[in-house]
Amino acid sequence: MSSGGHGSAYDVEFRSVTKRFGDLTAVNAVSFQVQQGEFLSLLGPSGCGKTTSLRMIAGFEQPDDGEILIGGENAVGTPPYKRDVNTVFQQYALFPHMTILDNVAYGMKQQRVSKSERYARAREALELVRLTGREKHRPSMLSGGQQQRVALARALVNRPRVLLLDEPLGALDLKLRKEMQIELTRIQQQVGITFIYVTHDQGEALSMSDRIAVMSDGVIEQLDTPAEIYDRPLTAFVADFIGEMNFLQGRVTEARDGEYDLDTGTGVVVRARGEATRGQAARVGIRPARLRIAAGSTNAAIHGAINAARAVVDTKMYLGDEVQVVVTLDGGTQMVIREQRVDSDESHDAIRPGDPITIQWDRTAPVLLAEPPAPDPTPAED
Ligand SMILES: Nc1ncnc2c1ncn2[C@@H]1O[C@H](COP(=O)(O)OP(=O)(O)OP(=O)(O)O)[C@@H](O)[C@H]1O
Ligand SMILES: [Mg+2]
């Protein structure tokens, strides 16, 4: 739309960015755009290229190929200190001999901001992270969560265009991490600064982000809202990485009017919504909570039934409000079912390992995944 750098709708943009370390391609032709004020998470397993992507935005690494735009302007070649971005790391690296206030004000001293203004802005940043009253303390007198708040105040004090956060809560225990997740979301909404947040914790990404980029092996597999990523994962990797997913695979035998039939070849036919091509090999995913136990040990003649499968119970576990049942289908596929106990039929209490049962699902439950299943490494037993 606009040709100049000003008024660009994107705070950060990758255009086919590649970064190699010797033979290894850490980031492979990645493109994405981050909107102003957005909370975007880069989510993926260890080594998938999250930190490398972040370091290229910060300017600590240079891409081998492609373009990086910050605020609509080409940033490649611009040194880190001239970029309108700041980074918060997992190790908060505060100066131990300085007070909290001086830690936050320190960066501005280098920029020759007057003393009174430095302290006024540092106090404001400490108020934002709710540390008013701790100005005179040293970092060692604060808890881990509080120290991370100081690091955050220090990064925000200059009001950068973009804040980069690399697993900032990784060193905190679970309870503190949950608290800080809520705090970070509040702070981001209050200051309206674009956050790019690196994590390998899918729960964290789902709960905090406007959008999530799911990365694997140097590429983004899917970039979308948490709800879309969860409800409509495009690939088996995304489906498996975000929450739990049951998989069924087979061949599409019918496809019309936005519905298809997938014959698994083991007596189960999946009928679901989606655009498939007749004859194609395909794989679907079904979330554990979308499976129902339809009947106890009376699962007689449903061979070839639609959206139902005979199975044998492997285990049953109480998970507080939920019950988790693991079953093996006639074809040998294992599936996980999770039922809310308040909604669960009383007869399910009697289910025991070894019992034959029937599981069912709605035609809205299966998600058609983009890539066909890999060839089955274990030959069918029959
Ligand atoms: N300076 C470097 N020299 C050589 N290889 C590197 C360098 N930095 C990163 N890599 C490699 O690039 C790949 C991506 O690394 P990166 O740090 O971006 O992963 P990550 O997604 O942040 O993982 P983690 O969750 O473990 O932090 C890895 O295989 C890593 O070993
Ligand atoms: Mg990393």
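Everything numeric in this text was worked out from a predicted model, so none of it was measured. (Residues numbered from 1 in each chain as written. Chains lettered and ligands numbered in written order. Predicted model: local features only at pLDDT ≥ 70, side-chain atom pairs only at ≥ 80, totals over all residues. Heavy atoms only, no water.)

1. A look at the pairing of strand S10 (residues 219-224)
Summarising the sheet, strand S9 (residues 211-216) and S10 pair through five bridges and their orientation is antiparallel. Within S10, the residue paired with Val-214 across the bridge is Gln-222. The loop that links S9 with its antiparallel partner S10 comprises two residues; one of these, Asp-217, has a positive phi angle of about 55°. (Pairing = 2+ DSSP bridges. Helix = DSSP H or I, 4+ residues; strand = E, 2+ residues; numbered from the N terminus.)

2. Observations regarding the site of ligand 1
In the region of ligand 1, the neighbouring residues are Phe-21, Leu-24, Ala-26, Pro-45, Ser-46, Gly-47, Cys-48, Gly-49, Lys-50, Thr-51, Thr-52 and Glu-167. A distance of 2.7 Å separates an oxygen atom of ligand 1 from a polar backbone atom of Gly-47. One nitrogen or oxygen atom from the side chain of Thr-52 is found 2.6 Å from an oxygen atom belonging to ligand 1. If ligand 1 stood free it would expose 630 Å²; the protein chains cover 59% of that surface. Residues that form the shell around ligand 1 fall into these classes: five nonpolar, five polar and two charged. (Near = heavy atom within 4 Å. Polar contact = N/O pair within 3.5 Å; in protein donor to acceptor, adjacent residues only side chain to side chain. Areas by Shrake-Rupley, 256 points an atom, 1.4 Å probe, with all protein chains shown as cover. Nonpolar A, V, L, I, M, F, W, Y, C, P; charged D, E, K, R; others polar.)

3. Concerning the nonpolar core
Core analysis: the biggest nonpolar cluster contains 37 residues, and Leu-152, Leu-156 and Leu-163 have the highest contact counts within it. Of all elements in the fold, only helix H2 (100-110), helix H3 (115-128), helix H4 (144-156), strand S7 (162-166), helix H5 (174-191) and strand S8 (194-199) reach the threshold of two or more residues within this core. Ranked by the residues each element gives to this core, the list is headed by H4, at six residues. In contact with Leu-156, other than residues within four places in its own chain, are Leu-128, Leu-163, Ile-187, Val-191, Ile-193 and Phe-195. Leu-248, Val-270, Ala-309 and Val-325 belong to the second-largest nonpolar core, a separate cluster that totals 27 residues. (Core = buried A, V, L, I, M, F, W, Y, C linked by side-chain atoms within 4.5 Å. Buried < 20%, exposed > 50% of the residue type's maximum accessible area, 1.4 Å probe, protein only. Contact = heavy atoms within 4.5 Å.)

4. Describing the domain arrangement of the protein
By the assigned domains, the protein splits into domain 1 (10-236) and domain 2 (244-368). A per-residue breakdown of the area domain 1 buries against domain 2 is headed by Tyr-230, Pro-233 and Ala-236, which together make up 82% of the total. There are zero salt bridges connecting domain 1 and domain 2. Where domain 1 meets domain 2, there are one residue pair in polar contact (both at pLDDT 80 or more). Tallying contributions element by element places helix H7 (residues 226-231) first for the side of domain 1 that touches domain 2, with three residues. (Domains from an automatic or database assignment. Buried area = accessible area lost by both parts, 1.4 Å probe. Salt bridge = Lys/Arg side-chain N within 4 Å of Asp/Glu carboxyl O.)

5. Here's the deal with the environment of Ile-182
Turning to its location among the elements, Ile-182 is positioned in helix H5. When its relative accessible area of 61% is taken as the criterion, Ile-182 is described as exposed. Put simply, Ile-182 and Met-208 are 26 residues apart on the chain and 7.9 Å apart in space, counted from C-alpha to C-alpha.

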